[in-house]
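Summary of the model geometry
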Amino acid sequence: MDAPVPELESRAAACADALRDADSVLLASHIDADGLTSAGIASTALARAGTPHDVVFSKQLDGEEIAGIAAHDHDTVLFTDFGSGQLETITDHEAAGEFTPVIADHHQPADADTEYHLNPLLEGVDGGKALSGAGATYVLARALLGADARDLAALAVVGAVGDRQTVNGELVGANTSIAAEGVEAGVLDTAKDLALYGTQTRPLPKLLEYASEVYVPGITNDENGAVRFLDGLDLDLHDGGDWRTWADLGHDERQTVVSALVKRAVRHGVSGDDVTDLVGTTYTLTDEEPGTELRDASEFSTLLNATARYERADVGLAVCLGERGAPLEAARELLREHRRNLSEGLGWVRREGVEVEDNLQWFHAEDRIRETIVGIVAGMALGSDAAESDRPIVGFGDKNDDEVKVSARGTSRLVDRGLDLSVVVREASQAVGGDGGGHVVAAGATVPKGREREFLDEAAARVREQLG
């Protein structure tokens, strides 16, 4: 069977051979949705291959974390969704004979390299939009198991969607090949549909009220307006006394709602580009129960993000490995807490305001917003009326007594103009004694407390260069 990403076939084969030869493997993975799905894919593949393994998670892979990983009693360490950017440290441990590293990642590689390194950027494939960490791990799983790994494509799509790799509402590049394998395997369905978050679980008025993808006056952030809009349609949108969800609607009912929503948006001056964004490609996990968070790739990824950001990566991994019951209920409770905290965080940003400067805008939450969600709150602010949309946003949050977490977010339109936050954040943080990186549209770093103003000046200079 053809390899899903031919450019990576030889690298994937070499990495798979190294895993087959290992007596045991320590699987180390990042904790966001992309990292958790990467771990789920890798752990399932190793189990099917009969390779004993343990799993550990890390929020940020620094020298101390790598030393802790080296202390485990495993001859091989598989790094997923990180490792490429930390190769200088990893190869020091490799040279000391402590472990053999195998890496499946999509972040910018460091100058050092190692024999078993699977990263799309090394072969000219875009790791920011065309292949996620879960996608790279899926390519490795396919090399290890052949067609027996194709059912894992659904998790790879969840990881890509969770890592914001959709462009104009759909996956692109190598991600589309993986999605196609999921469709062929019967675990995934793709369709053009309303591209709002919450189609499986949110009652229709809440779906429209909370939609941050496109701002429609009189509906977005307006509960009564959303209800009036729906009541004005010639449809029965209730199930007994309750509102139905989008997933409950038939094809013709969906067409009616979308048509009315588009007309409403155009009538109220919403731009053509934004109106187009109302419809996109949806990714449905066909083995999951309709009306649940796991049925939709976007909702699944949000559920996973909620587990890891509250130090429960074990719960997210259990869900990725197919466990339901108690792990899924624990994940849902964490998601409820996550949503409360995000709502409170965005409320705080609205009340306190954002400092708008020539090339960027910023806020400093100190200890008022959990540092693991500062980036999400920054992205929500950028997509709402709490911030300007024509420049990137930087959010700061206290990490500990000595360090501050930095999270930067942009928009696809800024990226089209030349913005690359991975470069901005990495160089600006290193200039003030910190470190970081990420993707063109979203990046993060840790910097010494007290040097935030210097970081902003360094970042602003680089944004100005990129956007002209």
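Residues numbered from 1 in each chain as written. Predicted model: local features only at pLDDT ≥ 70, side-chain atom pairs only at ≥ 80, totals over all residues. Heavy atoms only, no water.

1. Looking at the overall build of the protein chain
Each helix and strand in the protein chain was counted, giving 18 helices and 15 strands. Taken against the 2.2 N^0.38 rule, which gives 23 Å for 468 residues, the C-alpha radius of gyration of the protein chain at 22 Å falls within 12% of a compact globule. On the principal axes, the C-alpha backbone points of the protein chain span a range of 70 × 50 × 40 Å. Out of the 468 residues in the protein chain, the part that is buried amounts to 54%. Sequence separation of at least 24 residues holds for 66% of the intrachain contacts in the protein chain that already meet a minimum separation of 6. Here the protein chain displays about 19,300 Å² of accessible surface, and carbon together with sulfur accounts for 43% of that area. Considering the protein chain, the positive charge centre built from 41 side chains and the negative charge centre built from 84 side chains are found 7 Å apart. (Helix = DSSP H or I, 4+ residues; strand = E, 2+ residues; numbered from the N terminus. Rg over C-alpha atoms; globule rule 2.2 N^0.38 Å. Buried < 20%, exposed > 50% of the residue type's maximum accessible area, 1.4 Å probe, protein only. Contact = heavy atoms within 4.5 Å. Areas by Shrake-Rupley, 256 points an atom, 1.4 Å probe, with all protein chains shown as cover. Lys, Arg positive; Asp, Glu negative; His and termini not counted. Charge placed at Lys NZ, Arg CZ, Asp CG, Glu CD.)

2. Observations concerning the pairing of strand S12 (residues 393-398)
Counting buried residues in S12 gives five out of six residues, a clear majority hidden from the surface. Where strand S11 (residues 361-364) meets S12, four bridges bridge the pair, whose relative direction is parallel. Paired with Phe363 across the two strands is Gly395, which belongs to S12. Taking the sense of rotation as the criterion, the β-α-β connection linking S11, helix H15 (residues 374-382) and S12 turns out right-handed. Where S12 meets strand S13 (residues 403-409), six bridges bridge the pair, whose relative direction is antiparallel. Each residue of the ladder has a partner; that of Asp398, found in S13, is Val404. Taking the residues that link successive antiparallel strands as the turn, the S12-S13 hairpin has four residues. (Pairing = 2+ DSSP bridges. Right-handed = clockwise from strand over helix to strand, strands pointing away.)

3. Overview of the environment of Gln255
Within the fold, Gln255 resides in helix H10 (residues 251-267). Sequence spacing of Gln255 and Leu194 is 61 residues, and the spatial spacing of their C-alpha atoms is 9.3 Å.

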